[in-house]
Amino acid sequence: MTAPAAAVRAAAPPRRRAPARRRDWPALLYVVPALAFFTAFVLVPLGQAVWLSLWEWDGVTTATWAGAANYTAALADPAILEALRHSLVFVVFYALLPTAVGLALTALMTRVRIRGLTFFRAALFVPQILSGVVVAVAWRWMYDIDGPVNGLLRLVGLDGAARSWLGEFSTALPSVGLVGTWVMYGLCMVLFLAGAQRIPAELYEAARIDGAGPLREFLTVTLPGLRRETAFALVLTVTQALRNFDIVWNTTSGGPGTTTTVPSVYIVRAAFTTRDYGTAAAISVLLTVLILAVTGLVLLLFRERKGAAA
Amino acid sequence: MRARRETALSHTVLVLAVVVALYPAMAILSLAVSTPAARPTPMGLPRSFTLANFAEAWTGGRFDSALLSSGFVGVCVVAATLLLTVPAGYALARLRVPFAGVVLGVLLLGVVLPYEGIVIPLYRQMLDWDLVNTWWALILPQIGLSTSLGVFWMHTFFSGLPGALGEAAAIDGASRAQTLLRVYLPSAAPAVATLALLVFLYTWNDFLLALVMIPDAPGVQTAPLALSFFAGNRQAADIGVTAAAAVIVALPLVVLYLFLQRRFISGLLAGAVKE
């Protein structure tokens, strides 16, 4: 396992070029230690993941060259495809829903001065500071057959709707998804509320003089004004949705059956249960490429156009 | 009249959003303080009060050593990250570092890269170094994973300072290191503190790395990992005890958050304001 380092090394050492400006070579000493750690624990493992994905290896016996076979096998495996489909469902619950809720609620508040904003922000942010494991344990109780969700349903007379939300095939995936919505919507709201306060009040006055209703005002003033915040919220939440591991692992472990599996679950299982490093690495690389592609796509869609009002 | 109605509506919506955000946390807390005989009401309000669940979780799940592990790992990662990234961010922002653009470009990869993608090679590496089931298997990768955030964070901060600051020091004959330590660092204290808090939060809450690197060493387990094992062992633990364990694991950060919430929020939001 020495070759992957070579692929990575090419990027690191600076090569000599004609000095365009006066360069401060000793200043590199300030940067090298950080770069060394980054190379050793991020770049090299990244190269190794790509390298490992081209081999068939159980971690003990000699590895055999597999080429692209791990990738074709993974992409032809119904279980992996199902996990990727679940990831897309999680994108809806973790990213699109919280962003939409955040924008809608922010729109309600752009016309008024909010009292106690500091308190509201602090409270809305609480899900963000809790470990995924804590969140999972809390929601296992929320969804428990005797837990608050069912208690609430029974209280309003919907006894028939009460069920073991995480244990049934039909409800497990959306139930786990809603945990993600809960974790993310406060972040989106705080983000958008902060952004909305930077939108000049004159824009709203102008819109009102033009006779714009709340919807027109939202579409023409608030939404364009929150462009950067929306892009940031989407990058953050979509990434979290695709990476989703802690909450799935600690609520359902991918079950019941395979109804809530995600790629990360197969990475951990392949590496530590079935000892199939090649497949695990191939899924890792696919997941990484997917996340980088989606991040790039969001940034591309939301990039500032030259000449557009800031 | 209309404005008043809008104000009332907005605040009602906000209160509702806050209730939803806090409700699961409150529900788990009220379950944790309830006796098995008198569980919370269907709405999640407590009907009894006991601390027995906490005592049982504390001894049964070894949370004393788990909290110490998490604290130790977190402090080590924060200290190392600051030592590595404050000078790097300073140099990249204020000195003419050769290939600064390339360095920042490479580090940018680390900001967006999901570490789920590299956890297997990291595990093999730690296995080769005989570090699996030790704190180092968490500390070393976490430092590496924090460097890109840290360098970008400090680079952004130092870039925003007025140039005259360093020039004045240079005229006084201060070296680069002296300029960093005496001129820049004092004004960077708030940014450094926020970075430290963020790195500590991420390190404390990490689960996947701990699950992979500490497969069977109960004394080394971090708090979230101990909670995961404790909660997964359903036969051993009553649901109220599991709830108490979750509260124990969340408490240190919640307390930190109560005192430093402004810093937490501004830190986590900063990426949106900057580019």
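No experiment lies behind these values; they were computed from the predicted model shown.

J.: Residues and numbers for the environment of A:A201, please.
T.: Residue and element names in this part refer to chain A. Structurally, A201 is set in helix α10 (residues 201-209). Looking at A201, the relative accessible area reads 43%, which means it is partly exposed. Spatially, the C-alpha atoms of A201 and S264 are 45 Å apart, while their sequence positions differ by 63 residues.

J.: Outline the interface of chain B and chain A, listing residues and values.
T.: With 96 residues of chain B in contact, the opposing surface of chain A contributes 94 residues. In this assembly, chain B packs against chain A so that about 8,600 Å² is buried in total across both faces, 75% of it on carbon and sulfur atoms. Our count for the contact surface shared by chain B and chain A stands at two salt bridges. With its nearest N and O atoms 2.9 Å apart, the salt bridge here joins A:R243 to B:E116. Sorting elements by how many residues they give to the side of chain B that touches chain A places helix α1 (residues 2-32) of chain B first, with 20 residues.

J.: Residues and numbers for the nonpolar core, please.
T.: Of all hydrophobic cores here, the largest spans 187 residues; its most connected members are A:L124, B:F63, B:V97, B:M154, B:F158, B:M213 and B:L227. Per-element accounting of this core gives the leading share, 16 residues, to helix α11 (residues 239-273) of chain B. Residue-level mapping places this core at the junction of two domains, with at least three residues from each of domain 1 (2-50) and domain 2 (70-231) of chain B. Once you skip the residues sitting within four places of it in the chain, B:F158 turns out to touch B:V86, B:G89, B:Y90, B:A93, B:R94, B:L180, B:Y184 and B:A188.

J.: Give me the lowdown on the side chain of B:T194, citing residues and values where you can.
T.: Within the fold, B:T194 resides in helix α8 (residues 176-205). Not counting chain neighbours up to four residues away, the residues in contact with B:T194 comprise B:W153, B:R263 and B:G267.

The rules behind each value
Residues numbered from 1 in each chain as written. Chains lettered and ligands numbered in written order. Predicted model: local features only at pLDDT ≥ 70, side-chain atom pairs only at ≥ 80, totals over all residues. Heavy atoms only, no water. Helix = DSSP H or I, 4+ residues; strand = E, 2+ residues; numbered from the N terminus. Buried < 20%, exposed > 50% of the residue type's maximum accessible area, 1.4 Å probe, protein only. Contact = heavy atoms within 4.5 Å. Buried area = accessible area lost by both parts, 1.4 Å probe. Salt bridge = Lys/Arg side-chain N within 4 Å of Asp/Glu carboxyl O. Core = buried A, V, L, I, M, F, W, Y, C linked by side-chain atoms within 4.5 Å. Domains from an automatic or database assignment.

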